[in-house]
Amino acid sequence: FQKDQELQQIQKWVEKFPGACPRWLWGSKVSLLIYEPDYMKVILGRSDPKARGSYRFLAPWIGYGLLLLNGQTWFQHRRMLTPAFHYDILKPYVGITADSVRVMLDKWEGLANQDSPLEVFQHVSLMTLDTIMKCAFSHQGSLQLDRPSDPAEEGSPEGGRGAGEGQEEEAHGFPGQPPLGQRKSLVCPALPALQDGLHFRDHLDQMPYTTMCIKEALRLYPPVPGIARELSKPVTFPDGRSLPNGIIVYLSIYGLHHNPKVWPNPEVFDPSRFAPGSARHSHAFLPFSGGSRNCIGKQFAMNELKVAVALTLLRFELLPDPTRVPIPTTRLVLSSSNGIYLHLRKLPNTYGVQDGL
């Protein structure tokens, strides 16, 4: 691999080899790169441990928690933590998330300049850290205000920079409003929920088009590009092919999501792939992995994304900077090697309430 070219190389392999291919590292050392859904389901349905070589360098930094544990110890920890991520438990955190997002947007109002773009990754990172610290550790205060981000720093989120144009009308859970990305100056009819102070937690399941856009962004730019497993016993795939134990299998989520045999025109941002009632693929959940070791914080993350998108689009129109197109690259998670730069245009407050919500 050349530096920052791994994702481009995976896309070439996906086009050349339809389901999987071996990667010979040195001598007899080999790993199997998989990006075919039926193959991936077999591995995700097993309890093979994560490959030690891929994750051992993380242990001194984060310790042995759910991410690195295996076997019975992992199962015990997971069973203990699962109730904390129940849907009803997460509802009160939605207000905390909204407060953190508003702090970020207030900062953007002071920094927004139509003539120059703003590097937003550092701001979004501090906002998400703020939310986690408050929800998980009852932190008081705001990390965003304690440690202002430096707009000159480079960085990138996992994705979500695509903006889709939809025929379906929706604006943050309110039927009858213009589609996302097309919102102009609105004269909103009297909405008691807005005037009384809308609680997001009662409306998160009423945002179908926003959810479609988020899922499509996660398909294009999955936060975790892949997962490595070391086979603890032989495996046989649905087509009869098999692997012995001891082989390292790399589940390429990025490769799956850019596989033209799975997703027609995979490089096109098309939220309708996830429209309710459409022929959605059973592996659409893979940005959060699947099987017994799926992401325990999936619902928390989706709630945070919906709240952040809704509040942001109530206050700003977002435009990409054509001179600084993000370059996806693989770090610990998917990121951009040259940052995420956006032009921000403040929208008028046509809802007649402070902060829109």
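Residues numbered from 1 in each chain as written. Predicted model: local features only at pLDDT ≥ 70, side-chain atom pairs only at ≥ 80, totals over all residues. Heavy atoms only, no water.

Undergrad: Explain the overall build of the protein to me, using residue names and the numbers behind them.
TA: Assigned secondary structure in the protein consists of 13 helices and 11 strands. The 357 residues of the protein split such that 46% are buried. Sequence-distant contacts, at least 24 apart, represent 69% of the contacts inside the protein between residues at least 6 apart. Counting every atom, the protein has about 18500 Å² of accessible surface; 56% of that belongs to carbon and sulfur. (Helix = DSSP H or I, 4+ residues; strand = E, 2+ residues; numbered from the N terminus. Buried < 20%, exposed > 50% of the residue type's maximum accessible area, 1.4 Å probe, protein only. Contact = heavy atoms within 4.5 Å. Areas by Shrake-Rupley, 256 points an atom, 1.4 Å probe, with all protein chains shown as cover.)

Undergrad: I'd like a rundown of the sheet that holds strand S2 (residues 29-34), residues and numbers included.
TA: Sheet strands line up and pair through hydrogen bonds in the backbone, either parallel or antiparallel. Ordered in space as S1-S2-S7-S4, the 4 strands form an open sheet in which the pairing is mixed. Looking at which strands have only one partner, the edges of the open sheet turn out to be strand S1 (20-26) and strand S4 (226-230). Ignoring which end each strand starts from, the neighbouring axes of this sheet average 25° apart. In this structure, S1 lies alongside S2, joined through 6 bridges in antiparallel fashion. Considered in S2, the bridge of cysteine 21 is made with leucine 33. Across the sheet, helix H2 (residues 37-44) lies against S1, S2, S4 and strand S7 (248-252), angled at about 125° from S7, the strand it touches most. (Pairing = 2+ DSSP bridges. Axes fitted to C-alpha atoms, helices over the stretch in contact; angles between N-to-C directions.)

Undergrad: Mind laying out the environment of valine 249, listing which residues take part and the relevant values?
TA: As for its position among the elements, valine 249 is in strand S7. When residues no more than four places from it in sequence are discounted, the contact partners of valine 249 are Leu32, Ile34, Ile43, Ile227, Ala228, Arg229, Leu231 and Leu243.

Undergrad: I'd love a proper account of the UniProt feature "binding site: heme" (unreviewed entry) in the protein, names of residues and values included.
TA: The UniProt feature table records "binding site: heme" (unreviewed entry) at Cys295. Classification of cysteine 295 as partly exposed rests on a relative accessible area of 33%. (UniProt positions renumbered as here; feature names shortened; annotations may be inferred.)

Undergrad: Break down helix H13 (residues 298-315) for me, citing the residues and quoting the values.
TA: Compared with an ideal rise of 1.5 Å per residue, which puts 18 residues at 26 Å, H13 spans 26 Å between its outermost C-alpha atoms and is within 8% of the ideal. Counted residue by residue, H13 has 13 buried out of 18 residues, so it is predominantly covered. (Expected span 1.5 Å × (residues − 1).)

Undergrad: Explain the sheet that holds strand S8 (residues 316-320) residue by residue, including any values.
TA: One open sheet accounts for 3 strands, arranged S3-S11-S8; its pairing is antiparallel. The strands lining the two open edges of the sheet, one partner per strand, are strand S3 (118-119) and S8. Direction of pairing for S3 relative to strand S11 (residues 341-346): antiparallel, over a ladder of 2 bridges. Residue pairing in the sheet places leucine 118 in a bridge with leucine 342 of S11. Packing of helix H7 (residues 93-111) onto the sheet brings it into contact with S3, S8 and S11, and relative to S8 it is tilted by some 70°.

Undergrad: Any details on the nonpolar core? Residues and values, ideally.
TA: Core analysis: the biggest nonpolar cluster contains 38 residues, and Ile34, Ile43 and Val249 have the highest contact counts within it. Elements that contribute at least two residues to this core include exactly helix H1 (6-16), S2, H2, helix H11 (208-220), S4, S7 and helix H12 (253-257). (Core = buried A, V, L, I, M, F, W, Y, C linked by side-chain atoms within 4.5 Å.)

Undergrad: If you had to explain the pattern of salt bridges to someone new, which residues and values would you point to?
TA: According to the stated counting rule, one finds 10 salt bridges in the structure shown. Of the charged contacts, one joins glutamate 109 and arginine 315 as a salt bridge, the two residues approaching to 2.7 Å between their closest N and O atoms. Here glutamate 109, found in helix H7, pairs with arginine 315, found in helix H13; they are 206 residues apart in sequence, far enough to count as distant. Residue arginine 219 pairs with glutamate 216 through a salt bridge whose shortest N-O separation is 2.8 Å. Taken together, the positions of arginine 219 and glutamate 216, both in helix H11 and 3 residues apart, correspond to about one turn of that helix. Considered together, arginine 219 and glutamate 216 belong to a single accessibility category, that of buried residues. One salt-bridge network, in which partners are shared between bridges, spans Asp106, Glu109, Arg315 and Lys346. (Salt bridge = Lys/Arg side-chain N within 4 Å of Asp/Glu carboxyl O.)

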